[in-house]
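Reading the structure
Letter by letter, the chains look like this.
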Amino acid sequence: METGKEFILASFASSELLGKGKWFGAEDRLWVDVAEKTNVAVTVAQNTVWIYDLNQSGPARKLFAAPEDYSLHALPGITMDGTRVVVVAHQLGRSVAWLIDVASGENHSFFESDWAADHFHFCPHDENWIGFSHEGACDLIPDRMWGWHRTLAPQGKAIFDQRSEDPQRLLCVGHERWCYHDTSALAVAYGVSPSGPRGLYEIFPDGRLSRLVSPGDRDWHCNVSRDGRWAVVDTTGPHDLPGKGWEGVHGESDVLLVDMQTGVRTFLAHSRSGKGQAHPHPVFSPDGRWIYFNNTNLAGDAVWIEKVGNPFS
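Reading the values: the criteria
Residues numbered from 1 in each chain as written. Predicted model: local features only at pLDDT ≥ 70, side-chain atom pairs only at ≥ 80, totals over all residues. Heavy atoms only, no water. Pairing = 2+ DSSP bridges. Helix = DSSP H or I, 4+ residues; strand = E, 2+ residues; numbered from the N terminus. Axes fitted to C-alpha atoms, helices over the stretch in contact; angles between N-to-C directions. Salt bridge = Lys/Arg side-chain N within 4 Å of Asp/Glu carboxyl O. Buried < 20%, exposed > 50% of the residue type's maximum accessible area, 1.4 Å probe, protein only. Phe/Tyr/Trp six-rings, centres within 6.5 Å; stacked < 30°, edge-to-face > 60°. Lys NZ or Arg CZ within 6 Å of the ring centre and 35° of its normal. Core = buried A, V, L, I, M, F, W, Y, C linked by side-chain atoms within 4.5 Å. Contact = heavy atoms within 4.5 Å.

Strand order in the open sheet formed by 4 strands is S10-S11-S12-S13, and the pairing between neighbours is antiparallel. The open sheet is flanked by strand S10 (117-122) and strand S13 (153-160), the only strands paired with a single partner. Strand-to-strand, the axes of this sheet are offset by a mean angle of 25°, without reference to chain direction. In this sheet, strand S11 (residues 129-134) lies alongside S10 in antiparallel orientation, the contact comprising 4 bridges.

Following this line, the structure appears as structure tokens:
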């Protein structure tokens, strides 16, 4: 029910958010994932996973505390029905991921690595797949995109090697977004990629070859509509600026709609990028009619959300 009212679920001092250590690129803020079918939210603070029922204004519940000497990653994931949560913790360069049952609090570790694994979340098309990232500089990490499946990939596996799938194509890939319409993910081959084609790709964990959805030398973040008909990207600089990547950029970014079938792009809006995570980072509304994105001022120290209509919805 939409009432227009707001209430505080919980509050934490910034010093309490990240526990005993910082993950790669961490900032002092809360990150929330929401189970869209049950309206249950999950976040990490005080090195603990907290669960909230947004249907009522009751207190938060502690769901899982990090083992001693581990630091929880700030980005948890939750299934659409709100029954399972995934989270990862780090210790001295190691990563250990846990699956947690929301009703009982029972948990077990299911993946370990001696490198920085993060951004664990459930594939919305098939929640038996959990996607995650091999974190680090995109020009040094060729196996950025990983997936885990209890039977098909019980040890986890890299689902895209940007150097070996095509020896003539050397890509720097990131900002992946798993899809709703298929067991696949979209990802951006950044402008810093040594060769191309750069742009928006669709990548599959089941052995199907990746495909270039739409070329672009300045793509940055991406998202996809629920029906898989449309994608949206933002750019490093104006989309029609000559060059690639961050060449000649002064904090400007455009938001573009992409036809997933033809790759044709349609300009939607201008935006800016600011400090920290003040990126446009566009997303679709569930019905695909609207695209929401962040904007910021010239100083880059204030952020607000704007929306623009999908002209083809």
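Following the structure, the description resumes.
Strand order in the open sheet formed by 4 strands is S14-S15-S16-S17, with antiparallel pairing between adjacent strands. The sheet terminates laterally at strand S14 (173-178) and strand S17 (211-215), the two strands that pair on one side only. Neighbour to neighbour, the strand axes of the sheet diverge by 25° on average, direction disregarded.

What follows deals with the pattern of salt bridges. Applying the stated criterion across every chain yields a total of 11 salt bridges. For Arg198, the salt bridge identified is with Asp217, shortest N-O distance 3.5 Å. Here the residue Arg198 occupies a position in the loop between strand S15 (185-189) and strand S16 (199-203), and Asp217 occupies one in the loop between S17 and strand S18 (219-224), the gap between them amounting to 19 residues. The class for Arg198 is buried, based on a relative accessible area of 13%. For Arg229, the salt bridge is made with Asp259, and the minimal N-O distance between the two is 2.6 Å. Taken as a pair, Arg229 in the loop between S18 and strand S19 (230-235) and Asp259 in strand S20 (residues 252-259) lie far apart in primary sequence, 30 residues in all. Of the residues examined, Asp259 reaches a relative accessible area of 10% and is grouped as buried. The network of salt bridges with common partners includes Glu135, Arg144 and Glu176.

Each aromatic ring pair is specified by the distance between its two centres and by the angle formed by the two planes. This structure, assessed with the given rule, holds 13 aromatic pairs. Ring geometry for Phe110 against Trp148: centres 4.6 Å apart, planes inclined by 55°, an arrangement best described as tilted. Taken together, the positions of Phe110 in strand S9 (residues 107-113) and Trp148 in strand S12 (residues 145-149) put the pair 38 residues apart, joining distant regions of the chain. Each member of the pair Phe110 and Trp148 is classed as buried. Between Phe120 and Phe132, the aromatic rings sit 4.3 Å apart at their centres with planes inclined by 0°, giving stacked as the arrangement. Taken together, the positions of Phe120 in strand S10 and Phe132 in strand S11 put the pair 12 residues apart, joining distant regions of the chain. Grouping residues by exposure puts Phe120 and Phe132 together as buried. Through pairs of rings, three or more aromatic residues link up here, namely Phe110, Phe111, Trp115, Phe120, Phe132, Trp146 and Trp148. Here the guanidinium or amino end of Arg229 rests over the ring plane of Trp230, the centre of that ring lying 4.5 Å away.

This part takes up the nonpolar core. Counting 19 residues, the largest nonpolar core has Val49, Ile51, Leu72, Val85 and Val87 as its most contacted members. Those elements that place two or more of their residues in this core are strand S2 (40-45), strand S3 (48-53), strand S4 (61-65), strand S7 (84-91) and strand S8 (94-101). Excluding its chain neighbours within four sequence positions, the residues that come into contact with Val87 are Val44, Val49, Phe64, Leu72, His73, Val96, Ala97, Trp98 and Ile100. With 15 residues, the next largest nonpolar core counts Val188, Val224, Leu256 and Val258 among its residues.

Another point: the side chain of Thr236. Locating Thr236 in the fold gives a position in the loop between S19 and S20. With near-sequence residues (within four places) excluded, Thr236 lies in contact with Arg218, Trp220, Gly245, Trp246, Val249 and Glu252.

What follows concerns the pairing of S19. The side chains of a regular strand alternate between both faces of the sheet. With 6 of 6 residues buried, S19 is to be regarded as a mostly interior element. Alternating residues of S19 divide into Trp230, Val232 and Asp234 and Ala231, Val233 and Thr235, and every residue in both groups is buried. Relative to S19, S18 is paired through 4 bridges, and the arrangement is antiparallel. Counterpart to Asp219 in the pairing with S19 is Thr235. Joining the antiparallel neighbours S18 and S19 is a turn of 5 residues, in which Gly228 adopts a positive phi near 75°. Where S19 lies against S20, 5 bridges are found, and the strand directions are antiparallel. From the neighbouring strand, Val233 faces S20, where its bridge partner is Leu256.

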